[in-house]
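Geometric and topological summary
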Amino acid sequence: MGLSLSDSGLIQTKAFINGEWVASNSGAEFPIFNPANGETIAQVTNVGEQEAKDAIEAAQASMQEWKVKSPAERSNVLQRWHDLIIDNADDLASILTLEQGKPLAEAKGEILYGASYLKWFAEEAKRIYGDILPSAQDRRSLVIKQPVGVVAAITPWNFPNAMITRKVAPALAAGCSIVLKPAPETPLSALALAELADRAGVPAGVFNVLPCLNAEEVGEVFTSSTTVKKLTFTGSTPVGKLLLRQCADTVKRTSMELGGNAPVVVFDDADIDLAVAGALASKFRNSGQTCICANRLLVQEGIYDRFLSKFIDAIKAFRLGDGFDKDTTLGPVITDKALMGIDAVVKGAIDQGARLVTGGQSSDLGGWFYEPTVLADVKPDMGIFNKEIFGPVAPVIKFKTDADAIALANDTSFGLASYIYTQDISRIWQVSEALEYGMVGVNETAISSELIPFGGVKESGHGREGSKYGLDDYLETKYICMGGLSA
Ligand code: ADP
């Protein structure tokens, strides 16, 4: 596959079930492409219903021993897994760039970010506390926390490493086992993680990886299984809704990290350079393919022209290219289908009256590249205003008052991340509290880390990943009433 790694054992192309690398029963495989040039880089095992059932069974069996290990034992395994990821970060970053396209430095950043969840939850594994509640004299009321059970996870291609560790680390810390279906575009990063999990001593069956092209088939097995007690999903809102409906029949616990439509609200009193830098980083990280990406730049009228001009100047410094080229600051988008979708959104906005300031077309580099694009004078009635773009396209919208800004920002069914730029302390509080979002960045767009509760409201989903709240998604609360205690 043209990749020179320090450890070629990190390239795995079969499914990982019950601690074994297995081909599918049918022998089926599917191709993985390099988005920078469209070439096939690997053929990966394509599992189906039977392998998914086998993995669930293995997860259920292995969990019986995993959940009763001491907190320190589970913690040690997660810590070892973390250390191995750090030791192999360069190789993991290369695998990630090859299949996903993001610049190598960004990929390395994702590996370290992904590893941070393992370290954090290795520590949190030792802090799963219960409670003793006030009770009548003849009884004691206790609350204990227990693992929810076998967890099924479905993850996207935009963060092929970190979206996995963010789910697996708390699940394992809580004492759950997990079956994972990674995105069909980027299974190699998931399989490399499985290889390192195995080396770290994660017991067979506790972490299983099921690459597959037919997401519906495996999704149906996950959601209909009575053994699987929880589904955790990161992906698009339509698929999240479908999975929620499918989970209803077994009344499964769910965590849903779905789409976003993040506003970056820049007020007249903002530090303009800070705002430009923040909007730029948020908009173009991973070529605009993150769910917390700036999706709408709402800029107050007094600062609008100056902001736009500085923003466009800064974009000129971008270097579009293959993620392995060290000068590249902007990689390709994930597929040719995604490329066409982004172009259609841009053309649609222009047809509706948006002003194209820069970009607006795919590039001739080969592969799936789209030029960084700015559309000015976008209006709320244009299709792009309510579209999760998932590409390097920045729509800029002018507003007048704080009330307008809040109304515009909230005028969406999504509610994941939002950002505001202002120096006014009362405005910071008023606007932050009025925004219907799970996360608000104030004068900052790099808001995510293992230390914070990542998640959304409205149709952006429910549940939180990371932080002291992140374990709750994988724990049940059990009340025990101990009676008959009167003398
Ligand atoms: P995107 O359009 O960004 O790929 P999706 O929501 O389609 O977002 O994909 C996110 C994850 O959900 C991927 O792993 C994908 O394979 C999976 N997926 C898509 N459709 C289904 C489905 N019907 N059932 C289960 N998983 C699905």
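Below is a short write-up of the structure. Note that this is a predicted model, so its numbers are computed, not measured.

1. Points about the overall build of the protein chain
Per the secondary structure count, the protein chain includes 13 helices and 20 strands. Radius of gyration (C-alpha) of the protein chain: 23 Å, near the 23 Å computed for a compact globule of 487 residues. Across its three principal axes, the protein chain shows a C-alpha extent of roughly 75 × 60 × 40 Å. Within the span of the protein chain, comprising 487 residues, buried residues form 55% of the whole. A fraction of 73% describes how many contacts in the protein chain between residues 6 or more apart in sequence connect residues 24 or more apart. As displayed, the protein chain offers around 19,000 Å² of accessible surface, 51% of which is attributable to carbon and sulfur atoms.

2. Digging into the pattern of salt bridges
Side-chain pairs of opposite charge can arise where the charged atoms are in close proximity. This model, assessed by the stated rule, comprises 22 salt bridges. Taking the shortest distance from any N to any O, the salt bridge between R253 and E476 comes out at 3.2 Å. Of this pair, R253 sits in strand 11 (residues 253-257) while E476 is found in strand 20 (residues 475-482), placing the two residues 223 residues apart along the sequence. Residue classification places E476 among the partly exposed positions, given a relative accessible area of 33%.

3. Comments concerning the environment of K181
Assignment of secondary structure puts K181 in strand 8 (residues 178-181). A relative accessible area of 4% places K181 in the buried class. Along the chain, K181 and C212 lie 31 residues apart, while their C-alpha atoms are 7.2 Å from each other. Every residue in contact with K181, bar those within four places of it in the chain, is listed here: A153, I154, T155, L210, C212, A215, V218 and F222.

4. Details of the nonpolar core
Judged by nonpolar contacts, the single largest core of 61 residues is most densely connected at W81, I85, L172, I178, V202, F207 and V209. Among residues more than four places away in sequence, those in contact with L172 are W66, R74, L78, W81, I178, V202 and V206. Listed in part, the 37 residues of the second largest apolar core include F307, F369, A376 and L416.

5. What to know about the site of the ligand
Taken together, 17 residues form the shell around the ligand, and within it T155, W157, K181, F233 and S236 come nearest. Side-chain polar atom of W157 to an oxygen atom of the ligand: 3.1 Å apart, as the coordinates give it. S236 has a polar side-chain atom sitting 2.6 Å from an oxygen atom of the ligand. For the ligand, the protein covers 80% of the area, taking 550 Å² as the surface of the free molecule. Put simply, the parts of the chain that give the shell around the ligand at least two residues each are helix 7 (215-224), strand 10 (228-234) and helix 8 (237-248). Split by residue class, the shell around the ligand holds ten nonpolar, five polar and two charged.

6. Focus: the side chain of E257
Looking at the secondary structure, you find E257 in strand 11. Side chain to side chain, E257 and R166 meet in a polar contact 3.1 Å long. With sequence-adjacent residues up to four places away left out, E257 is seen in contact with M163, R166, F233, T234, G235, C291, L416, F454, S460 and E465.

7. Comments concerning helix 3 (residues 89-100)
An ideal rise of 1.5 Å per residue puts 16 Å on twelve residues; helix 3 measures up with 16 Å between its terminal C-alpha atoms. Among the residues of helix 3, A89, D91, L92, A93, S94, I95, L96, T97, L98, E99 and Q100 are the ones counted as buried. Looking at the buried side of helix 3, the elements it contacts are strand 3 (29-33), strand 4 (40-45), helix 2 (71-87), helix 4 (104-124) and helix 6 (187-200). At the exit of helix 3 stands G101, carrying a positive phi of roughly 100 degrees.

8. What about the sheet that holds strand 6 (residues 140-147)?
The antiparallel open sheet is built from three strands, whose spatial order is 5-6-20. Every interior strand has two partners, whereas the edge strands, strand 5 (131-133) and strand 20, have only one. Shown here is a sheet whose adjacent strand axes are inclined to one another by a mean of 25 degrees, direction ignored. Relative to strand 20, strand 6 is paired through eight bridges, and the arrangement is antiparallel. Among the inter-strand pairings, Q146 is bridged to a residue of strand 20, identified as E476.

9. Let's talk about the sheet that holds strand 16 (residues 393-399)
Taken in spatial order, the seven strands make up an open sheet running 14-15-16-13-12-17-18, and their pairing is mixed. Where the open sheet ends on each side, the last strands, each with one partner, are strand 14 (355-358) and strand 18 (439-442). For this sheet, the mean angle separating the axes of adjacent strands, direction not counted, is 25 degrees. Where strand 12 (residues 262-266) and strand 17 (residues 417-421) come together, three bridges link them in parallel fashion. From the neighbouring strand, V265 faces strand 17, where its bridge partner is I420. Across the sheet, helix 10 (residues 304-315) lies against strand 12, strand 13 (294-300), strand 14, strand 15 (373-376) and strand 16, angled at about 165 degrees from strand 15, the strand it touches most.

10. Structural notes on the side chain of K230
Along the polypeptide, K230 turns up in strand 10. Looking at K230, its side chain comes within polar contact range of the side chain of S255, at 2.6 Å. Filtering out sequence-adjacent residues up to four positions away, K230 remains in contact with V148, V150, V151, A152, K252, R253, T254, S255, D473 and Y474.

11. What about unusual backbone geometry?
Phi at V251 takes a positive value of approximately 45 degrees, unusual for a residue other than glycine. Residue position: V251 is located in the loop between helix 8 and strand 11. Judged by relative accessible area, V251 falls into the exposed class, the value being 70%. Positive phi, normally seen in glycine, also occurs at S467, with a value near 70 degrees. Mapped onto the secondary structure, S467 falls in the loop between strand 19 (461-462) and strand 20.

Reading guide: rules and limits
Residues numbered from 1 in each chain as written. Predicted model: local features only at pLDDT ≥ 70, side-chain atom pairs only at ≥ 80, totals over all residues. Heavy atoms only, no water. Helix = DSSP H or I, 4+ residues; strand = E, 2+ residues; numbered from the N terminus. Rg over C-alpha atoms; globule rule 2.2 N^0.38 Å. Buried < 20%, exposed > 50% of the residue type's maximum accessible area, 1.4 Å probe, protein only. Contact = heavy atoms within 4.5 Å. Areas by Shrake-Rupley, 256 points an atom, 1.4 Å probe, with all protein chains shown as cover. Salt bridge = Lys/Arg side-chain N within 4 Å of Asp/Glu carboxyl O. Core = buried A, V, L, I, M, F, W, Y, C linked by side-chain atoms within 4.5 Å. Near = heavy atom within 4 Å. Polar contact = N/O pair within 3.5 Å; in protein donor to acceptor, adjacent residues only side chain to side chain. Nonpolar A, V, L, I, M, F, W, Y, C, P; charged D, E, K, R; others polar. Expected span 1.5 Å × (residues − 1). Pairing = 2+ DSSP bridges. Axes fitted to C-alpha atoms, helices over the stretch in contact; angles between N-to-C directions.

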